[in-house]
Amino acid sequence: MSLNNLKRLLACAAGVLATLPGLALAAGGEKNALNMPVGVTDVGRSIFDLHMIILWICVAIGALVFGVMFYSIIYHRKSRGVKPAQFHESTKVEIAWTVVPFLILITMAVPATSTLLDIYDFDDAEMDVLVTGYQWKWKYEYLAEEGENVAFFSNLSTPQSEIYNTDDKNDNYLLEVDEPLVIPVDTKVRFLVTANDVIHSWWVPELAVKKDAIPGFINETWTRANEIGTYRGQCAELCGKDHGFMPIVVEVVSKEDYAAWLGEKQEQAAKVKELMAQTFTLDELMERGKAVYARNCLACHGARGEGGVGTAIAGSAIATGDIGGHLNIGINGVPGTAMQAFGGQLNDVDLAAVITYQRNAFGNNMGDLVQPIDVFNYKQG
Amino acid sequence: MGDHHHGPAKGLSRWLFTTNHKDIGTMYLWFSFAMFLLGGTFAMIIRAELFQPGMQLVEPAFFNQMTTLHGLVMVFGAIMPSFVGLANWLIPMMIGAPDMALPRLNNWSFWILPPAFLLLASTLFMEGGAPAAGWTFYAPLSTTYAAPSVTIFIFCIHILGLSSIMGSINIIATVMNMRAPGMSYMKMPLFVWTWLITAFLLVAVMPVLAGAVTMMLMDVHFGTSFFSAAGGGDPVLFQHIFWFFGHPEVYIIILPAFGVVSQIIPAFSRKPLFGYDSMVYATAAIAFLSFIVWAHHMYTVGMPVAGELFFMYATMLIAVPTGVKVFNWVTTMFRGSLSFEAPMLFAVAFIILFTIGGFSGLMLAIAPADFQYHDTYFVVAHFHYVLVPGAIFGIFASAYFWLPKWTGHMYDETLAKTHFWLSFIGMNLAFFPMHFLGLAGMPRRIPDYALQFADFNMVSSIGAFMFGVSQLLFLFIVVKCVRGGEKATAKPWDGAEGLEWTVPSPAPYHTFSTPPEVK
């Protein structure tokens, strides 16, 4: 029997079982939701059905076992003057309650196997996205068959003032990013998942995708969203201090919108290339640098450069020392610490801007500036 | 031979140099209770921070230290030593032995514990703070990216492992060699059986944990790359090794509680345990299966589908022997003559709530569904349902059941029942809503959360505070019982069976200097 036939058989069995009660207590994302979201994928639907089947089997077994127990608790009390029976073994009964649960388990294993084989069917993906986990943000790279690869980072956009309770929290508190992943509807999208530093896990409940992002290895997983919408998730594997602050937002859009969006992103990528050849004034670099700093540096080095997980930038020997040393740290990071190598994460314009910003903000009034060409030259050695 | 009935030495040296199984058992129990309060304090900090959305009390880095230390202290400091304490007190008396087989080793295995936990707690005050990679300390977060305190932590784990291995060897030697004439294996009380099997598990897996942390030490200080892909290693290797230890570990924590419940349920049902033989076989089957299911903690790491299927099927199989045990307990109660003193209340709650934890465990075993449950609060709910009303309620049940034997006094039944109901309600309030949180998408180990999770988190925190405060009542009850109270007879429970009830209460400093005859 071929694998496909086996899968079809298992799917039929799953279908029969799925006609058992499939009660959805509440949809996902709602306040005080009680149950798993059904989501917007076929895999998500079969996982949800599986979840409900097992839940109801457990409820039935529980009702039976606890029923007998509560019957005894109520009717076989010493205070009612009950004389205890003395029976204490029965091989037949023991065999029965070994075999029957085993059979129940087999009926659970059949649909579970079928769903698992579906999840592991990576064939025929229509597009690939490389997802890389960083402490503490995600990078998405669209692996294009032609034209520019589009790549960007997706950072938490909830302001610190909401986290530290000085402002009211918005509805998408901690589940919002500066730039979401955009994918087309009704398209099998394969995700190649990896990490840059520690292990992360990329999880979007409504897309029924959770895969660990492991540094040095590439995992694959996929989804095919049936509905246009915005779906939110979070990193699911403890990855250090800001594990709770690296959400995932996926916009599922129509195929046309996706094509338009991708075209725009590719244009932007080309524009950044142009910018790299330009020379900027101090003010331009400071303005751009401030935004880059807020997205990439602030979490560790503090809003005023005062330090935290990272060292202080205000008055630091690096930010007030030789430009070459500053470029080195920014581009290559400090191996073995949380200070990442930003050379591969930020484009040359952003790197030049943020280094200029660090040298001139927080009272470090060095007055010098770094141009994109300096970054480019430094990288070339 | 000198005087058979000499009493304990006076003063501090009694406790420092003692080789008496009862003294050592007492020290283990008090130490584990102290650790229970310490680990509980960490839990209170966690629940206070999670009371509302937003960061209020602690910083995220410190929050991670709290979750890490809470897990480590509860598993290695509270639950494991308390069961070793129970084993020390009870196993020699249950098998009619005068003491443990290796009394000096026994002293040593206790006394290396307090310094180890002192060291672990001291990491809170170190530069960079305490370990913060979770009690599962996955590499490379726990190696390349860890604070310097990881070295101290590795040293602590080595000491704890040493203590557990020595304790286990002692229990195995005692059970195999010191049983009274006529006490065949299949006549041993189930607590002795479950501990014997637990001890074998410990001897098998603690060295594996020692290997894992030694590899971490090498990676951190000596430039090896066991867990770093950049040097040819693999971060997932750490998880395989850790869970090869970690899964048997969860049975190490629960099996002795199975034993305790298997003795308390018949005592208060006034009816023999149903299916003694099948209980023994089921325990052995669970222990065997625990070695071949470790990767069900790792369904999302990207294993090949064949591996996923193997670990899913093997894990589901555990439901069979576990079911047998639950059915046996319920059948023991059926047509008994039940009364509900505090030990029985805790034992019955154990069966109900542990079974609920077992159900969620079965759900988690289903690999495709686990892709949604994994690393969410659903998992947190699951393992707290097996550990709190499982292991901890098992320990409370034992404490109330044997306190009269240990102290010679009856505990205050009204207060004990109050303690039960407060713990029962608090525990369910704290952990049941976590099922909903996890299903709705709240990841575990986060210091702050989205707004839709706010209400259940608040309920959970209130329940946790209630459970936490109730444990001070337990302390009061025990102290009160030690200091005085109604005199206990040799056998204060009319349905209780076993050799420990044939000696006076409190049990004399030396028991069974002459072995009893077991028919």
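We now turn to the structure provided with this report.

Reading guide: rules and limits
- Residues numbered from 1 in each chain as written.
- Chains lettered and ligands numbered in written order.
- Predicted model: local features only at pLDDT ≥ 70, side-chain atom pairs only at ≥ 80, totals over all residues.
- Heavy atoms only, no water.
- Contact = heavy atoms within 4.5 Å.
- Buried area = accessible area lost by both parts, 1.4 Å probe.
- Salt bridge = Lys/Arg side-chain N within 4 Å of Asp/Glu carboxyl O.
- Polar contact = N/O pair within 3.5 Å; in protein donor to acceptor, adjacent residues only side chain to side chain.
- Helix = DSSP H or I, 4+ residues; strand = E, 2+ residues; numbered from the N terminus.
- Nonpolar A, V, L, I, M, F, W, Y, C, P; charged D, E, K, R; others polar.
- Buried < 20%, exposed > 50% of the residue type's maximum accessible area, 1.4 Å probe, protein only.
- Arc of directions from axis to C-beta.
- Phe/Tyr/Trp six-rings, centres within 6.5 Å; stacked < 30°, edge-to-face > 60°.
- Lys NZ or Arg CZ within 6 Å of the ring centre and 35° of its normal.
- Expected span 1.5 Å × (residues − 1).
- Pairing = 2+ DSSP bridges.
- Axes fitted to C-alpha atoms, helices over the stretch in contact; angles between N-to-C directions.

### Thoughts on the interface of chain A and chain B
Each side of the interface is counted separately: chain A has 92 residues, and chain B has 96 residues. Between chain A and chain B, a total of about 8100 Å² is buried, with carbon and sulfur atoms accounting for 69% of that surface. Ranking the residues of chain A by area buried against chain B places A:Phe87, A:Trp97 and A:Leu238 at the top, with a combined share of 8%. Inspection of the region where chain A meets chain B yields 0 salt bridges. Where chain A meets chain B, there are 24 residue pairs in polar contact (both at pLDDT 80 or more). For the side of chain A that touches chain B, the secondary structure elements donating two or more residues are α2 (42-75), α3 (91-119), β7 (209-213) and β9 (229-235) of chain A. No other element matches α2(A), which puts 16 residues into the side of chain A that touches chain B. Residues of the side of chain A that touches chain B, tallied by class, amount to 50 nonpolar, 26 polar and 16 charged.

### Some details on helix α5 (residues 113-122) of chain B
Residues and elements named next belong to chain B. Among all positions in α5, only Leu113, Ala116, Phe117 and Leu120 are buried. Take α5 and look down its axis: the buried residues cluster within an arc of 90 degrees, on one side only. Tucked into the core, α5 has its buried residues touching α2 (21-49), α3 (60-95), α4 (103-111) and α6 (150-177).

### Comments concerning the packing of aromatic side chains
Using the criterion set out here, one finds 72 aromatic pairs over all chains in the structure. Between B:Tyr185 and B:Trp193, the aromatic rings sit 6.1 Å apart at their centres with planes inclined by 45 degrees, giving tilted as the arrangement. Plain terms: the ring middles of B:Phe227 and B:Phe238 are 5.3 Å apart, the flat faces sit at 85 degrees to each other, and that makes the pair edge-to-face. Of this pair, B:Phe227 sits in the loop between α7 (190-221) and α8 (235-269) while B:Phe238 sits in helix α8, and the two are 11 residues apart along the sequence. For B:Phe227, a relative accessible area of 1% corresponds to the buried category. By relative accessible area, which is 0% here, B:Phe238 ends up buried. In this structure, A:Lys137 packs its charged tip against the face of A:Phe153, placed 5.3 Å from the ring centre. Sitting over the face of the ring of A:Phe152, A:Lys265 holds its NZ or CZ atom 4.8 Å from the ring centroid.

### Some remarks on helix α9 (residues 348-360) of chain A
All names here are of chain A. Its 13 residues place the ends of α9 18 Å apart at the C-alpha level, agreeing with the 18 Å of an ideal helix rising 1.5 Å per residue. Burial analysis of α9 places 13 of its 13 residues in the buried class, which makes it a mostly covered element. The backbone nitrogen of Val349 has a side-chain oxygen 3.0 Å away, supplied by the residue at the start of α9, namely Asn347. Positive phi appears at Phe362, one or two residues downstream of α9, with a value of about 55 degrees.

### Observations concerning the sheet that holds strand β1 (residues 127-134) of chain A
Residues and elements named next belong to chain A. Pairing in this open sheet of 5 strands is mixed, and the strands run β3-β2-β1-β5-β8 from one edge to the other. On the outer flanks of this sheet lie β3 (150-154) and β8 (219-223), each paired with one strand and no other. Along the sheet, successive strands turn relative to each other by an average axial angle of 25 degrees, direction set aside. For strand β5 (residues 189-195) and β8, the ladder comprises 5 bridges, and the chain directions are antiparallel. In the sheet register, Arg190 faces β8, and the bridge partner there is Trp222.

### Here's the deal with unusual backbone geometry
Cis geometry is found at the peptide bond from B:Ala139 to B:Pro140, where omega equals 0 degrees. A cis amide bond links B:Ser505 to the next residue, B:Pro506, at an omega of -5 degrees. Looking at where B:Pro506 falls in the secondary structure, it is placed in the segment after α16 (454-483). Not every positive phi belongs to a glycine, and A:Asn165 is a case in point at roughly 65 degrees. Structurally, A:Asn165 is set in the loop between α4 (160-163) and β4 (181-184). Given the relative accessible area of 34%, A:Asn165 is considered partly exposed. Residue B:Arg445 is not a glycine yet carries a positive backbone phi of 60 degrees. Residue placement: B:Arg445 occurs in the loop between α15 (413-439) and α16. Judged by relative accessible area, B:Arg445 falls into the buried class, the value being 9%.

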